[in-house]
Amino acid sequence: MSAVERLAELGEELPPVPAPAAAYIPMVTTGNLILTAGQLPIVDGDLAMTGKVGVDVEVDEAQELARRAALNVLAVAASAAGGDLERIRVVKLTVFVASAPAFTEQHLVANGASNLIGEVLGDRGVHARSAVGVASLPLDAPVEVEAIVEVVDG
């Protein structure tokens, strides 16, 4: 089954690449690597939710937001690979979680992104990961996801 078919089975499709919110571009390529800019949980051009995880946002909500952000990462990576999800392999994800001071479950929030990547890309979605708690993120987003992606033969 192709990655696009897996997305459809999940009731998803690749969104358009979100427009940058400041002075940067969505990705840079070097050799066979794509380094994505941090992607927020943007849905239809709008931030899906704001606030801090552990105060304003529950873990299950944050996992879904991480999933949304990861979908945007896939859109960015696929666009850099000629629009073809079959040509990408996720090497590393970094998931930033805007956290309440006592919140320590960033790794569980990051599972939302990791699980989506694995469900869509299969073996090409097995990756290293960092889950980082931060005081705040741009636009008061609860999560931000960035990736290092390898372009492979499809």
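Notes on the structure follow. (Residues numbered from 1 in each chain as written. Predicted model: local features only at pLDDT ≥ 70, side-chain atom pairs only at ≥ 80, totals over all residues. Heavy atoms only, no water.)

**Let's talk about the overall build of the protein**
Consideration 1: For the protein, the count of helices and strands is three helices and seven strands.
Consideration 2: In sequence order, the secondary structure elements of the protein are arranged as α-β-β-β-β-α-β-α-β-β.
Consideration 3: Over its C-alpha trace the protein gives a radius of gyration of 14 Å, about what one expects of a compact globule, namely 15 Å for 154 residues.
Consideration 4: Seen along its three principal axes, the alpha-carbon backbone of the protein occupies a region of about 45 × 35 × 30 Å. (Helix = DSSP H or I, 4+ residues; strand = E, 2+ residues; numbered from the N terminus. Rg over C-alpha atoms; globule rule 2.2 N^0.38 Å.)

**Looking at the environment of Pro41**
Consideration 1: Inspection of the secondary structure puts Pro41 in the loop between strand 2 (33-36) and strand 3 (42-43).
Consideration 2: Separated by 59 residues in the primary sequence, Pro41 and Ala100 have C-alpha atoms spaced 19 Å apart.
Consideration 3: Other than its neighbours up to four places away in sequence, Pro41 contacts Asp46, Leu47, Ala48, Leu65, Arg68, Ala69, Asn72, Ala141 and Val143. (Contact = heavy atoms within 4.5 Å.)

**Things to note about the sheet that holds strand 1 (residues 27-30)**
Where strands meet in a sheet, backbone hydrogen bonds hold them as pairs that are either parallel or antiparallel.
Consideration 1: Judged by pairing direction, the sheet is mixed, and its five strands sit side by side in the order 1-2-7-5-6 without closing on themselves. Whereas interior strands pair on both sides, the edge strands pair on one side only; in this sheet they are strand 1 and strand 6 (128-134). Here the strands of the sheet are splayed against their neighbours by 15° on average, with no regard to which way each runs.
Consideration 2: Contacts between helix 2 (residues 59-80) and the sheet are confined to strand 1, strand 2, strand 5 (88-98) and strand 7 (143-151), with strand 7 contributing the most and set at about 35° to the helix.
Consideration 3: Strands strand 5, strand 6 and strand 7 of the sheet are contacted by helix 3 (residues 106-121), whose axis makes an angle of about 155° with strand 5. (Pairing = 2+ DSSP bridges. Axes fitted to C-alpha atoms, helices over the stretch in contact; angles between N-to-C directions.)

**Description of the environment of Ile25**
Consideration 1: Secondary-structure assignment places Ile25 in the loop between helix 1 (3-9) and strand 1.
Consideration 2: A C-alpha to C-alpha distance of 8.6 Å links Ile25 and Thr36, two positions eleven residues apart in sequence.
Consideration 3: With residues near it in sequence (within four places) discarded, Ile25 still touches Pro20 and Ala37.

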